[in-house]
Amino acid sequence: MRLGILGTIQLAATLIFAAPVGIFGLTRLLDGDALIGGGAVAIAVGMVALPHYLTTPGDIPMQLGERAVGLVVKTPEDDEE
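What counts, and where the lines are drawn
- Residues numbered from 1 in each chain as written.
- Predicted model: local features only at pLDDT ≥ 70, side-chain atom pairs only at ≥ 80, totals over all residues.
- Heavy atoms only, no water.
- Helix = DSSP H or I, 4+ residues; strand = E, 2+ residues; numbered from the N terminus.
- Buried < 20%, exposed > 50% of the residue type's maximum accessible area, 1.4 Å probe, protein only.
- Expected span 1.5 Å × (residues − 1).
- Contact = heavy atoms within 4.5 Å.
- pLDDT = per-residue confidence, 0-100.
- Axes fitted to C-alpha atoms, helices over the stretch in contact; angles between N-to-C directions.
- Parallel < 35°, antiparallel > 145°, perpendicular 65-115°, else oblique.
- Left-handed = near helix turned anticlockwise from the far one by under 90°.
- Nonpolar A, V, L, I, M, F, W, Y, C, P; charged D, E, K, R; others polar.

J.: Can you tell me about the environment of Gly-38, naming the residues and giving the values?
T.: By the secondary structure assignment, Gly-38 is in helix α2 (residues 34-53). For Gly-38, a relative accessible area of 30% gives the class partly exposed. C-alpha of Gly-38 to C-alpha of Phe-24: the two residues are 14 residues apart in sequence and 10.0 Å apart in space.

J.: Go over α2 with me, naming the residues and quoting the values.
T.: Here α2 contains 20 residues, and its C-alpha end-to-end distance of 27 Å stays within 8% of the 28 Å for a straight helix at 1.5 Å per residue. As for α2, its buried residues are in contact with α1 (5-30).

J.: How would you summarise the confidence of the model for the protein chain if you had to cite specific residues and measurements?
T.: Summing up the model confidence of the protein chain, the mean pLDDT is 84 and the portion of residues at 70 or higher is 88%. Confidence, read as mean pLDDT per element, is least for helix α3 (residues 59-72) in the protein chain (75) and greatest for α2 (93).

J.: Let's hear about the packing of α1 against α2: which residues, and what values?
T.: The N-to-C vectors of α1 and α2 enclose an angle of 165°; their axes lie 7 Å apart at closest approach. Taken together, the axis directions place α1 and α2 in an arrangement best described as roughly antiparallel. The handedness of the crossing between α1 and α2 is left-handed. Of the residues in α2, those touching α1 at Leu-11, Thr-14, Leu-15, Phe-17, Ala-18, Val-21, Gly-22, Phe-24, Gly-25, Leu-26, Arg-28 and Leu-29 are Ala-34, Ile-36, Gly-37, Gly-38, Ala-40, Val-41, Ile-43, Ala-44, Met-47, Val-48 and His-52. A class-by-class count of the residues in the contact of α1 with α2 yields 16 nonpolar, six polar and one charged.

This is the structure we're talking about:
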């Protein structure tokens with residue numbers, strides 16, 4: 001997965017909020033509370049993983065723009081010489 005500068009900043013911001021939830025979940029798991037600990041770890045993983053796999057309303061204009069540029073601009077093939 002390649003991230004640009006903005007993607008890296010967004011991931012860092014997500015980790016700032018997901019890390020305490022994950023640490024809380026791990027602490028609860030080590031204390032023997034599997035339900036709350038497992039739930040907190042699952043929430044922390046979801047906070048980091050879901051934005052990369054779901055299409056958000058903010059992603060739609062970017063995808064449309066990439067498709068439009070791909071239709072208008074043809075990349076040169078390496079085999080053509």
